[in-house]
Amino acid sequence: MRQWPEIALGDVLCRSSEPAVCLPDAEYDEVTIRLWGKGVISRGKVRGVDVTAPRRVVRANQLILSKIDARNGAIGLVPQELDGAIVSNDFPSFEFAESKQLDPAFMGWMVRSRHFVDLCRAASEGTTNRVRIKEDRFLAQKIVLPPLPEQQAIVSRLDTLAEKARQVNEHLDSIERDGDRLLAVRFRDAIADAAMRSMAEVAPLVRREIDIELEGSYPELGIRSFGKGSFHKPPLTGADVGTKRLFSIEPGDLLFSNVFAWEGAIAVAQAEDAGRFGSHRFITCRVDPDITSPEFLRYYFLTKAGLEKIGEASPGGAGRNRTLGLNKLMAIQVPTPSPAMQRTFDTLQTKVAELKATHATIRQSNDALIPATLERLFAGAD
């Protein structure tokens with residue numbers, strides 16, 4: 001784009017300074033800006049009576065930025081639904097001074113590029129945690145601007161690409177929802193007439209406490225909430241562990257976080273989790289393979305019925321912490337259909353999980369399309 005002329009942002013942008021006059025009983029959207037070009041959104045409604053500091057009004061299609069985080073990509077166009085919203089002085093907004101020279105939609109794409117973020121960084125100054133963009137320096141920055149017809153052609157191509165990327169992701173989401181519904185139906189059918197047995201009978205507690213050596217290395221395991229599996233924590237030295245008790249974890253263990261199981265922090269240890277450890281806050285159970293499987297029980301405990309039982313066994317505590325009682329967990333009755341039926345369901349679970357893993361790879365590539373295209377289009381445009 002270097003063959004096109006350079007212009008200063010101040011030649012095409014005008015600072016907007018429309019003051020907000022808030023009526024006490026009216027409600028107003030307040031604006032926030034996501035980092036890295038992820039959009040301008042409402043941070044919620046505020047009543048006029050609660051607005052005690054000066055505010056300005058922003059209008060649809062104005063360019064708005066965060067003084068603090070423009071250097072982290074917090075910049076974009078005000079969407080139509082936030083026309084008339086209010087902002088503090090930390091969010092300067094700009095009108096487009098010359099519509100015959102610059103298409104706002106073109107600017108909307110340009111500000112999402114890495115090169116424009118670099119431009120915002122160049123216009124920012126201050127000490128750590130107090131770095132803010134300087135408006136005069138920002139407006140003095142220069143961009144390469146193609147003719148209006150070329151801008152409109154670029155916008156059209158980017159809009160089309162973004163729409164196709166959205167459609168692909170929507171299609172993948174739809175397939176995954178179908179997979180989840182199929183699992184739910186098959187599980188409902190599998191447990192319809194199944195015998196109920198206690199956890200103590202089918203998956204008793206297992207505690208494998210280890211001796212801590214001062215020079216040893218102890219990689220820990222974590223459990224994500226909402227059934228999102230386990231994750232690996234950095235290893236601790238024996239000195240780091242101190243007086244904390246650690247327990248070894250083996251693949252196939254059914255794991256519960258004793259404080260967050262009520263919100264789905266339940267997982268099955270995988271082969272890659274071998275050699276890792278959990279603190280006393282990990283509850284480790286080992287299933288009887290002649291009766292059930294850890295994957296089948298994990299699915300059950302993440303259903304509405306299963307989470308209700310975990311919740312009843314987890315009395316309230318401070319904040320989100322609700323400690324799962326060991327005796328109460330062992331007393332929970334779980335469905336135990338025939339092993340063959342459970343194996344069939346587990347095979348279906350595996351296929352759905354493999355499908356989602358494939359989709360995750362596709363989404364990653366799909367989501368990289370727009371940034372890569374912006375990089376090619378706007379490289380060297382500032």
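Quick notes on the rules
Position numbers for residues count from 1 along each chain, tracking the sequence in the order it is written. Only residues with pLDDT of at least 70 are given local features in this predicted model, and only at 80 or more are side-chain atom pairs given and counted; all residues enter the totals for whole chains, interfaces and linings. With hydrogens and water set aside, each side-chain value is computed from the structure's full complement of heavy atoms. Numbered from the N terminus, helices here are DSSP runs of H or I no shorter than four residues, and strands are runs of E no shorter than two. Only C-alpha atoms enter the radius of gyration; for comparison, a globular chain is expected to reach 2.2 Å times N to the power 0.38, where N is the number of residues. Per-residue accessibility, obtained with a 1.4 Å probe over protein chains only, is compared with the maximum for each type, and a residue is labelled buried under 20%, exposed over 50%, and partly exposed between these values. For two strands to pair, DSSP has to find at least two bridges joining them. Helix axes use the C-alpha atoms of the stretch in contact, all axes being lines fitted to C-alpha atoms, and the angles between their N-to-C directions lie in the range 0 to 180 degrees. In protein, a polar contact means a hydrogen-donor-capable atom and an acceptor-capable atom, both N or O and within 3.5 Å, with residues adjacent in sequence counting only if both atoms are side-chain atoms; elsewhere, any N or O pair within 3.5 Å suffices. Contacts were defined at the residue level, with two residues in contact if any of their heavy atoms lie within 4.5 Å. Every helix has an expected span of 1.5 Å times one less than the residues it contains. What sets the label is the angle itself: under 35 degrees gives roughly parallel, over 145 gives roughly antiparallel, 65 to 115 gives roughly perpendicular, and the rest give oblique. For this classification, the nonpolar set comprises Ala, Val, Leu, Ile, Met, Phe, Trp, Tyr, Cys and Pro, the charged set comprises Asp, Glu, Lys and Arg, and every other residue, Gly included, is treated as polar.

> Describe the overall build of the protein, and please don't skip the residues or the numbers.
When you go through the protein residue by residue, the secondary structure sums to twelve helices and 21 strands. For a compact globule of 382 residues, the expected C-alpha radius of gyration is about 21 Å, and the protein comes in at 28 Å, more than 25% above that figure. Across its three principal axes, the protein shows a C-alpha extent of roughly 75 × 55 × 45 Å. Counting every position in the protein, which comprises 382 residues, the buried fraction comes to 43%.

> Explain the sheet that holds strand β6 (residues 63–65) residue by residue, including any values.
Taking strand neighbours across the sheet as the criterion, the four strands line up as β2-β9-β6-β7 in an open arrangement whose pairing is antiparallel. Unpaired on one side and paired on the other, β2 (13–15) and β7 (75–77) mark the two borders of the sheet. On average, each strand axis in the sheet is tilted by 30° relative to the strand beside it, whichever way the strands run. Judged from the three bridges that link them, β6 and β7 form a sheet pairing that is antiparallel. Across the sheet, residue I64 finds its bridge partner in β7, namely G76.

> Can you lay out the side chain of K67 for me, pointing to particular residues and giving the numbers?
Looking at the element boundaries, K67 is found in the loop between β6 and β7. One polar contact links the side chain of K67 to the main-chain carbonyl oxygen of N89, over a distance of 3.4 Å. Apart from the residues within four sequence positions on either side, K67 is in contact with N89, D90, P92, V131, R132, I133 and E135.

> Hey, could you go over helix α5 (residues 148–191) for me, with residue numbers and the actual values?
The terminal C-alpha atoms of α5 lie 64 Å apart, and with 44 residues this matches the ideal 64 Å at 1.5 Å per residue to within 8%. If you check which residues of α5 are buried, you get Q151, I154, V155, L158, A165, N169, L172, E176, G179, L183, F187 and A190. Residues of α5 that are buried make contact with α2 (104–110), α8 (294–302), α11 (339–367) and α12 (369–378).

> Lay out the environment of R121 with the relevant residues and their values.
If you trace the backbone, R121 turns up in helix α3 (residues 114–122). Classification of R121 as partly exposed rests on a relative accessible area of 40%. Note: C-alpha distance between R121 and D69 (52 residues apart in sequence) is 9.2 Å. Beyond its immediate stretch of four places on either side in the chain, R121 contacts W36, R71 and N72.

> Describe the sheet that holds strand β20 (residues 282–285), and please don't skip the residues or the numbers.
Read across the open sheet, the three strands follow the order β18-β17-β20; overall the sheet is antiparallel. Strand pairing shows two members of the sheet lacking a second neighbour, β18 (266–268) and β20, which therefore form its edges. Going from strand to strand, the sheet's axes swing by 25° on average, the running direction of each strand aside. As paired elements, strand β17 (residues 254–257) and β20 share four bridges and run antiparallel to each other. Opposite F256, over in β20, you have I283 as the bridge partner. Running at roughly 165° to β18, α8 makes contact with β17 and β18 of the sheet.

> An account of the packing of α8 against α11 is requested, with residue identities and associated values reported.
Two elements in contact, α8 and α11, have axes separated by 9 Å at closest approach and are oriented at 75°. Classified by the angle between their axes, α8 and α11 sit roughly perpendicular to one another. Taking contact as the criterion, the partners of E295, F296, R298 and Y299 in α8 are, on α11, Q342, F345, D346 and Q349. Across the contact of α8 with α11, the residue classes break down as three nonpolar, two polar and three charged.

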